[in-house]
Amino acid sequence: MKFTRLSFNREIFLAGSLFLILWAYLLLRIIHVPFLDDEINTWFIYIMHGRVMPLEGYVDANNHILNSFLARIFYQIFGLSPAVLRLPNFLFFPVYFYYSYKISQLINYRFVRFTVFLALVMTHHLFDFFGLCRGYGISMGFLMAACFHLVQYITDHKFKHLVIALFCSFFMVWANLSLLGTAYIFLILLTLNVIFQKTTKKQKTWLLLFLIICFALILGYATWYSLYLQKIGKLYLGKNEGGFVGVTALSLINILFRTKSMMLFLFAAFLMIIIAIGSLLNFRDKGLRGYLNNPNQLFSCLLFGNILLIFLIHWLLGVVYPQERATLYLYPMLIIAAGFSADHFRRIYGKRLFAYSIAPFLLIPIHFIASVNIDYASAYRWESYPDRYIRYIEKNSSLSDIYPVVGIFDEDHWIYDNFRSSGIIPFVTENTYPDTVADFQIGKFQDNPYWSNLYDSLDHDSRNGFVLLQRKFFLKRTQVLKYKNITTKGITNAEYFGFAPGERSDSLTGTYFLYYFDLIVSSPQPAFEGFIIATLRNSKIYEKLSLDRIAEQWDKRRIRSGILIRETEDIQKLPFAYFWNKEKVPFSIEEGSLTIYKIGNN
């Protein structure tokens, strides 16, 4: 089969115009959509510290290696902002769009070609990922590029296409380890293709040797790293209860279309049956050699091969059934394989009905238009509350004698905003949510039925139910301890430094203690990993304040913040606090104080 390059025509013009519109919309999204939990953790844990390689720092599946590496480079060049950290994925949307167009051009019938292309580039909640600081957008770009060049190699056996496909395979894996199985399928298909090529034995030997070396580089360390993540319990995005349909299929439908509709699942199952029938007929008519030499079958092999691998690694290695964004790659494979199958049946049997079997794909661009926004990413819609909640509390913090206590459903959004505002936003606590102690609450009414009696509702986000609440009467803060003139008396690299050395012998009882710090800290270490620990002596109760989540540079940086401790036992204990210099780097506390309050009505 030979594919010819199209000349400039109306189809190319329309595709180019669509690209410009989509890319402009994506630019607005990377600027305006609030920074989200996974992005925030990626910044604080990996990008800020420069620990972007697999075993550097905290080892977790959250670290999409290539994304963290590229985002670190852009941050060093352009500084910190959500848009800068999202640039790697933003810049890979043209790659994804271009190769989606090139692959769709391999389909003969215009209606099918047009429908598949629009479904690939106008699935809004897949499009979302090109505007986030995660690895999914980058990996989708490399995946489509690898698939196209594999098709070209199977067609004309030009070595350059093989090299490009292998190059893209390597980087798609390190952008998203979920694509490791896809790389293994590439290896199998390429090996069989080389074996069946009509070339000399010597040429086959050299090609197979080249493939073995390349895939050893692509798969070797990545496979070991994936097994290591599984061993330490870090391949956690999924579960076992519900099986493949309940966990993988329905969660993928939900993340793409915000519904777990069985109708959509049944339609997807219908498409997979059509794809399977087409593949079996092709195999029957042309045999294994002809089947493998048909580039259209690449996508059906990728689709069914990846599903088979999900079952195999679940049964053999105990890996949970993956869900949501961890299975995002299955979607374009299904769309393309369905398109090729519809085109194949229409061409063989001459019936337009086969082409129109994928007509429901035309609802996808309509869904895209209905989903247009610059406020949220669908995959993380549940966790994003409006920035105006933070601004309101910041503006009204004077209502309290010190910074107010804020109970919050998820504090990452607040912490990142505080970081970008030089660490001056009021105190936040998440450890006691959903209590009734906090002066302000950001959460959902169903989390605590008593809120309606104790709090006034100030704001409501109808999109996901988040409310901003303010206590009708702030609880009284009674000062019980105060430590002044806290200083290290110069530079030290001590691992621990006590704020409250315990010169007071009597202990206290109470339900909540608020530790309020006012310190000036210096360190030459960027992203200084210091922790202020608040605890109660002779107990396992403690909470921490992470300095590297307040600021990156520490040149006489003032910290005015607090930690709330909840006493769970009705016995006397002495409040105590200390500084933990995790990496034992030079630092100093030039001056400061610690005031401890008991919170209550009396």
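Residues numbered from 1 in each chain as written. Predicted model: local features only at pLDDT ≥ 70, side-chain atom pairs only at ≥ 80, totals over all residues. Heavy atoms only, no water.

### Describing helix α1 (residues 10–32)
Piece 1. With 23 residues, α1 should reach 33 Å at 1.5 Å per residue; the first-to-last C-alpha distance of 33 Å fits that figure.
Piece 2. For α1, the complete set of buried residues consists of Ala15, Leu18, Phe19, Leu22, Tyr25, Leu26, Arg29 and Ile30.
Piece 3. Those residues of α1 that are buried are in contact with α4 (82–85), α5 (87–104), α6 (110–121), α7 (124–127) and α17 (363–371). (Helix = DSSP H or I, 4+ residues; strand = E, 2+ residues; numbered from the N terminus. Expected span 1.5 Å × (residues − 1). Buried < 20%, exposed > 50% of the residue type's maximum accessible area, 1.4 Å probe, protein only. Contact = heavy atoms within 4.5 Å.)

### Some points on unusual backbone geometry
Glycine aside, residues mostly have negative phi angles, and peptide bonds mostly take the trans form.
Piece 1. Positive phi outside glycine occurs at Arg258, with the angle close to 55°.
Piece 2. You can see Arg258 is positioned in the loop between α12 (243–257) and α13 (262–292).
Piece 3. Assessed through its relative accessible area of 36%, Arg258 is described here as partly exposed.
Piece 4. Even without being a glycine, Lys489 presents a positive backbone phi close to 60°.
Piece 5. Residue position: Lys489 is located in the loop between β7 (476–483) and β8 (496–498).
Piece 6. The class for Lys489 is exposed, based on a relative accessible area of 77%.

### Quick notes on the layout of surface pockets
Piece 1. Its boundaries defined by the atoms lining it, the largest pocket holds a volume of some 1100 Å³.
Piece 2. Surrounding the largest pocket, 44 residues form its lining, Ala61, Leu177, Ser178, Leu229 and Leu235 being those nearest its centre.
Piece 3. Looking at the lining of the largest pocket, the elements that each hand over two or more residues are α2 (37–47), α9 (159–175), α10 (180–196), α11 (201–231) and α14 (297–317).
Piece 4. Tallying contributions element by element places α11 first for the lining of the largest pocket, with six residues.
Piece 5. Partitioning the lining of the largest pocket into residue classes produces 27 nonpolar, 11 polar and six charged. (1 Å grid on protein atoms, 1.4 Å probe; cavity = no way out; pocket = protein on both sides within 12 Å on 5 of 7 lines; lining within 4 Å. Points joined across faces, edges and corners; volume = space filled by probe spheres on them. Nonpolar A, V, L, I, M, F, W, Y, C, P; charged D, E, K, R; others polar.)

### Considerations on the pairing of strand β5 (residues 455–460)
On any regular strand, side chains alternate: one points to one face of the sheet, the next to the other face.
Piece 1. By the bridge criterion, five bridges tie β5 to strand β6 (residues 467–471) in an arrangement that is antiparallel. Residue pairing across strands places Asp456 opposite Gln470, the latter belonging to β6.
Piece 2. Linking β5 to β6, which pair antiparallel, is a turn of six residues; within it Gly465 sits at a positive phi near 85°. (Pairing = 2+ DSSP bridges.)

### Quick notes on the environment of His32
Piece 1. Positionally, His32 belongs in helix α1.
Piece 2. Judged by its relative accessible area of 45%, His32 is partly exposed.
Piece 3. As for His32 and Ile374, which are separated by 342 residues in sequence, their C-alpha atoms are 5.8 Å apart.

### Focus on the pattern of salt bridges
Piece 1. One pass over the structure, following the stated rule, counts 18 salt bridges.
Piece 2. In this structure, Asp60 engages Lys234 in a salt bridge whose closest nitrogen and oxygen atoms are separated by 3.6 Å. Separated by 174 residues along the polypeptide, Asp60 in the loop between α2 and α3 (65–78) and Lys234 in the loop between α11 and β1 (238–239) bring together distant segments of the chain. Here Asp60 and Lys234 have matching classes, each one buried.
Piece 3. Linking Arg284 and Asp285 is a salt bridge whose minimum nitrogen-to-oxygen distance equals 3.0 Å. Each member of the pair, Arg284 as well as Asp285, carries the same accessibility label: exposed.
Piece 4. In the salt-bridge network here, residues are joined through shared partners; they are Asp38, Glu324 and Arg325. (Salt bridge = Lys/Arg side-chain N within 4 Å of Asp/Glu carboxyl O.)

### A few points about the packing of α13 against α14
Piece 1. The N-to-C vectors of α13 and α14 enclose an angle of 115°; their axes lie 10 Å apart at closest approach. For the pair α13 and α14, the sense of crossing is left-handed. Residues Met272, Ile275, Ala276, Ser279, Asn282 and Tyr291 of α13 form the contact with α14, whose own contacting residues are Gln297, Ser300, Cys301, Leu303, Phe304 and Ile307.
Piece 2. Along the lines of polarity and charge, the residues of the contact of α13 with α14 split into eight nonpolar, four polar and no charged. (Axes fitted to C-alpha atoms, helices over the stretch in contact; angles between N-to-C directions. Left-handed = near helix turned anticlockwise from the far one by under 90°.)

### Overview of the nonpolar core
Piece 1. Counting 119 residues, the largest nonpolar core has Leu22, Phe93, Tyr96, Val121, Leu143, Phe186 and Phe299 as the members making the most contacts within it.
Piece 2. Per element, the largest residue contribution to this core is 13 residues, and it comes from helix α8 (residues 136–156).
Piece 3. Aside from chain neighbours lying at most four places away, what touches Phe93 is Phe19, Leu22, Trp23, Leu26, Phe127 and Phe130.
Piece 4. Core analysis: the next-biggest nonpolar cluster, separate from the first, contains 31 residues, Val480, Tyr483, Ala551 and Leu574 among them. (Core = buried A, V, L, I, M, F, W, Y, C linked by side-chain atoms within 4.5 Å.)

### Some details on the packing of α9 against α10
Helix-helix packing is described using two parameters, namely the angle between the two axes and the distance between the axes.
Piece 1. One way to put it is that α9 packs onto α10 with a least axis distance of 9 Å and a crossing angle of 155°. Relative to α10, the element α9 is oriented roughly antiparallel. The two elements α9 and α10 cross, and the hand of that crossing is left-handed. Judged by residue contacts, Leu162, Leu166, Ser169, Met172 and Val173 of α9 engage Leu180, Thr182, Ala183, Phe186 and Leu190 from α10. (Parallel < 35°, antiparallel > 145°, perpendicular 65-115°, else oblique.)

### Looking at the sheet that holds strand β11 (residues 542–546)
Piece 1. Strand order in this open sheet of four strands is β8-β13-β10-β11, and the pairing throughout is antiparallel. Only two strands of the sheet have a single partner each, and these edge strands are β8 and β11. Averaged over all pairs of adjacent strands, the angle between their axes in this sheet comes to 25°, without regard to strand direction.
Piece 2. Here strand β10 (residues 530–536) pairs with β11 via five bridges, running antiparallel. Each residue of the ladder has a partner; that of Ala534, found in β11, is Glu543.

### Some remarks on α6
Piece 1. Taking 1.5 Å per residue, 12 residues should reach 16 Å; α6 reaches 17 Å between its end C-alpha atoms and fits that length.
Piece 2. Buried within α6 we find Val112, Arg113, Thr115, Val116, Phe117, Leu118, Ala119, Leu120 and Val121.

### Details of the packing of aromatic side chains
Piece 1. Under the definition given, this model contains 57 aromatic pairs.
Piece 2. With a centroid separation of 5.9 Å and an interplanar angle of 70°, the aromatic rings of Trp43 and Phe419 are classed as edge-to-face. Highlighted residues: Trp43 in helix α2 and Phe419 in helix α19 (residues 412–420), separated in sequence by 376 residues.
Piece 3. Ring centres of Phe499 and Phe517 lie 5.7 Å apart, and the angle between their planes is 55°; on these two criteria the pair is classed as tilted. (Phe/Tyr/Trp six-rings, centres within 6.5 Å; stacked < 30°, edge-to-face > 60°.)

### Things to note about the side chain of His64
Piece 1. Structurally, His64 can be placed in the loop between α2 and α3.
Piece 2. Within the structure, the side chain of His64 is placed 2.7 Å from the backbone nitrogen of Gly135, a separation counted as a polar contact.
Piece 3. With residues up to four places along the chain from it excluded, the contact list for His64 reads Arg134, Gly135, Tyr136, Trp174 and Ala175. (Polar contact = N/O pair within 3.5 Å; in protein donor to acceptor, adjacent residues only side chain to side chain.)

### What to know about a nonpolar patch on the surface
Piece 1. Taken together, the side chains of Leu227, Leu308, Leu312, Ile313, Trp315, Leu316 and Leu317 make up a nonpolar region of the molecular surface, amounting to roughly 720 Å² of accessible area.
Piece 2. With six residues, the top contributor of residues to the nonpolar patch is α14.
Piece 3. Locating Leu312 in the fold gives a position in helix α14.
Piece 4. A residue is classified by how much of its surface remains accessible, and Leu312, at 32% relative accessible area, is partly exposed. (Patch = residues over 30% accessible without salt bridge, like charges linked within 9 Å, V, L, I, M, F, W, Y side chains within 5 Å. Areas by Shrake-Rupley, 256 points an atom, 1.4 Å probe, with all protein chains shown as cover.)

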